Amino acid sequence: MVHRVTDFGAGLIAIKCKEIRSLDLSYLPQITEKCLHHILQLKHLEDLVLEHCLGIDDHGLKTLQASCKSMKMLNLSKCLNISHIGIASLTNGAQNLEKLILSNSLVVTTDLAKCLQSLPRLQSVKLDGCLGTMSGLKAIGNLCALLKELNLSKCFGVTDESLSFLVRTHKDLEKLDITCCRKITHASISGLTNSCLRLTSLRMESV
């Protein structure tokens, strides 16, 4: 059964299949940072999905400091044992990261925003289902001006004030998801239409 795959099995794949560019290890609760050591030796790896890998924590993410120069997308959604401390580890080893998915995983704080700022090529961040603090959301507005895609769907804490600030500072946004952000009103939508004129995709169901 798939859920019995361990560090040994995941590591073996990385050792034997050296041309892998995309690797999805979602919902494998028994894998830890031990297999990441081998996975990060994959010189062509661009996409790594670790969704709901509960064995991955901040300590495990420190492994990513070593070498993940080719990685462009990292999915850590539903990894409940990570925080901004683990994300900070990416800033040294994942300088080419373009997309970071943190859905349903952690609290959006000022410290997290500072970590995101340190990823120079980051264009897409997904924070759907996360708890967003006012200071954290505003910090993303201040520090992450290069974002082209932002997902705040079901992000508790998104208000007119925080959303209005975000759209004013992200005029180049192309994709925005504010689905089920029920604390926003016409005021922030008006600000959105005045600021984000380059939008190609807007999702706002059930707001």
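Each remark here, short or long, concerns the structure printed above.
These figures come from a predicted structure and were not determined experimentally.

### Looking at helix α6 (residues 110-117)
(1) Moving on: For α6, the full list of buried residues reads Leu112, Ala113, Cys115 and Leu116. In a view along the axis of α6, the buried residues occupy a sector of 155 degrees, so they form one face of it.
(2) Moving on: Residues of α6 that are buried sit in contact with α4 (84-88), α5 (90-93), β4 (99-101), β5 (107-108), β6 (124-126) and α7 (134-143).

### A look at helix α1 (residues 7-16)
Since one α-helical turn is 3.6 residues long, residues separated by three or four positions face the same way.
(1) Moving on: The set of residues buried in α1 consists of Asp7, Ala10, Gly11 and Ala14. Each buried residue of α1 sits inside an arc of 95 degrees when the element is viewed along its axis, so together they form one side. For α1, the exposed residues set more than 90 degrees away from the buried face come down to Phe8 and Lys16.

### Focus: the pattern of salt bridges
(1) Moving on: What the rule picks out here adds up to five salt bridges.
(2) Moving on: The salt bridge involving Glu46 is made with Arg21; its shortest N-O contact spans 3.8 Å. Note that Glu46 is positioned in the loop between α2 (33-39) and β2 (47-49) and Arg21 in the loop between α1 and β1 (22-24), a separation of 25 residues in sequence.
(3) Moving on: The exposure class of Arg21 is partly exposed, given its relative accessible area of 46%.
(4) Moving on: Across the salt bridge formed by Glu205 and Arg203, the nearest N and O atoms sit 2.9 Å from each other.
(5) Moving on: Judged by its relative accessible area of 36%, Glu205 is partly exposed.

### A short note on the state of the cysteines
(1) Moving on: A full pass over the atoms with the stated rule returns zero disulfides.
(2) Moving on: Distance from the sulfur of Cys53, which forms no disulfide, to the nearest cysteine sulfur (Cys79) is 5.6 Å.
(3) Moving on: When its relative accessible area of 0% is taken as the criterion, Cys53 is described as buried.
(4) Moving on: The thiol of Cys196 is not disulfide-bonded; the next cysteine sulfur, from Cys181, is found 14 Å away.

### Here's the deal with the side chain of Ser153
(1) Moving on: Turning to its location among the elements, Ser153 is positioned in the loop between β8 (149-151) and α8 (160-169).
(2) Moving on: With relative accessibility at 9%, the residue Ser153 sits in the buried group.
(3) Moving on: Other than its neighbours up to four places away in sequence, Ser153 contacts Asp128, Gly129, Asp177, Ile178 and Thr179.

Procedures and definitions
Residues numbered from 1 in each chain as written. Predicted model: local features only at pLDDT ≥ 70, side-chain atom pairs only at ≥ 80, totals over all residues. Heavy atoms only, no water. Buried < 20%, exposed > 50% of the residue type's maximum accessible area, 1.4 Å probe, protein only. Helix = DSSP H or I, 4+ residues; strand = E, 2+ residues; numbered from the N terminus. Arc of directions from axis to C-beta. Contact = heavy atoms within 4.5 Å. Salt bridge = Lys/Arg side-chain N within 4 Å of Asp/Glu carboxyl O. Disulfide = S-S within 2.5 Å.

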